[in-house]
Every structure is written in C-alpha cells, then in structure tokens.
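Overview (structure and organization)
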Amino acid sequence: MISFNQKLAEKPYLDFFNFYQKAIENSQRSVEAISISSWNAIEGEVNSRFVNLKHIDNDKWTFYSNYDSPKMHEFLSHNQISALFYWNSINVQIRMKAKIYRTPDDIS
C-alpha cells in the first residue's frame with residue numbers, strides 16, 4: 001500500500017488517488033508496483049525495472065532503492081526518469097516523467 005501524506009484536492013494527484021482507490025477496490029495485485037526507466041550514460045542505453053512506490057507527499061514520490069545498485073549509478077549520472085503504472089484490473093495506464101534525487105538519510 002502507498003501512504004498518501006497530502007491534500008489531494010488538485011489534479012493530477014486527485015486523479016491518481018481515485019484510480020488507485022478503484023484499482024484496490026478491484027483487487028489489483030501489486031498496486032504499488034511502478035516501472036522506472038532511466039538512462040545509463042556509460043552504456044548509452046535505457047534500462048527499466050520495477051520498484052514499489054512507498055509514499056506520496058505532495059510532489060515528492062518515494063520508492064526505496066539500494067544505493068549501491070546499478071540503477072542508483074544511472075540515477076546519479078542522469079536524473080530524469082520515466083515511470084509507468086499499469087493496473088489491469090481497471091485497464092488504466094499512468095505515465096509520468098520526473099527528476100529523481102536521493103532522499104535524506106533519515107527518510108531512507
């Protein structure tokens with residue numbers, strides 16, 4: 001489950017939350033799973049992987065990652081990502097582009 005720490009009165013957050021609630025009501029498995037695609041500047045290619053979104057706090061969306069992993073090195077070399085949710089139980093796909101950064105140690 002994703003924890004929401006914000007007022008959800010404005011779009012697109014309200015739309016996301018409503019789709020999220022509908023997906024849960026329709027028994028969507030792994031509702032927090034999000035595909036993250038990043039650019040590997042050394043290899044000159046794009047890589048994707050699934051992570052679990054943990055928190056949404058206003059415009060900060062947090063997932064946990066191993067800071068020694070290959071994806072972390074990609075994030076450090078190029079901070080733009082593409083993110084994708086797909087909830088087949090409600091036939092909804094949500095695509096986002098974002099800048100990524102490391103959270104403070106007290107959060108991670």
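Refer to the structure presented above.
Below, the structure is looked at part by part. (Residues numbered from 1 in each chain as written. Predicted model: local features only at pLDDT ≥ 70, side-chain atom pairs only at ≥ 80, totals over all residues. Heavy atoms only, no water.)

1. Let's talk about the overall build of the chain
Cut-off, in case you're wondering: Helix and strand definitions follow DSSP, with helices as H or I runs of at least four residues and strands as E runs of at least two, each counted in order from the N terminus. Atoms counted for the radius of gyration: C-alpha only. Globule rule: 2.2 Å times the number of residues to the power 0.38. Any residue under 20% of the maximum accessible area for its type is buried, any over 50% is exposed, and the rest in between are partly exposed; the area is computed with a 1.4 Å probe on protein chains only. Note on contacts: a residue pair is in contact if any heavy atoms of the two residues lie within 4.5 Å. All accessibility values rest on the Shrake-Rupley procedure with a 1.4 Å probe; residue burial counts only the protein chains present in the view. A positive count includes Lys and Arg, and a negative count includes Asp and Glu. His and the chain ends are not counted in either. For the purpose of locating charges, the reference atoms are NZ of Lys, CZ of Arg, CG of Asp and CD of Glu.
The helix and strand tally for the chain stands at two helices and six strands. Taken from N to C terminus, the helices and strands of the chain fall in the order β-α-β-β-β-α-β-β. Whereas a compact globule of 108 residues would reach a radius of gyration of roughly 13 Å, the chain reaches 14 Å, a difference of no more than 12%. For the chain, the C-alpha atoms occupy an extent of roughly 40 × 30 × 20 Å along the three principal directions. Going through the 108 residues of the chain one by one, you find that 35% of them count as buried. Taking the intrachain contacts of the chain between residues at least 6 apart in sequence as the baseline, contacts between residues at least 24 apart amount to 50%. Working note: accessible area of the chain is about 7300 Å², and carbon and sulfur atoms make up 49% of it. Between the averaged position of the 12 positive side-chain charges in the chain and that of its 12 negative side-chain charges there is a distance of 5 Å.

2. A word on the pairing of strand β2 (residues 33-40)
Inclusion rule: DSSP-based pairing: two strands are paired if at least 2 bridges between them are found.
For β2, a buried count of seven out of eight residues is recorded, marking the element as mostly surrounded by other parts of the structure. Sheet topology note: the β2/strand β3 (residues 45-57) ladder contains eight bridges and is antiparallel. By the bridge assignment, N40 is partnered in β3 with E45. Hairpin remark: β2 followed by β3, antiparallel, with four residues in the connecting loop; positive phi at G44, about 70°. Summarising the sheet, β2 and strand β5 (residues 80-87) pair through four bridges and their orientation is antiparallel. Bridge assignment links S35 to a residue of β5, and that residue is L84.

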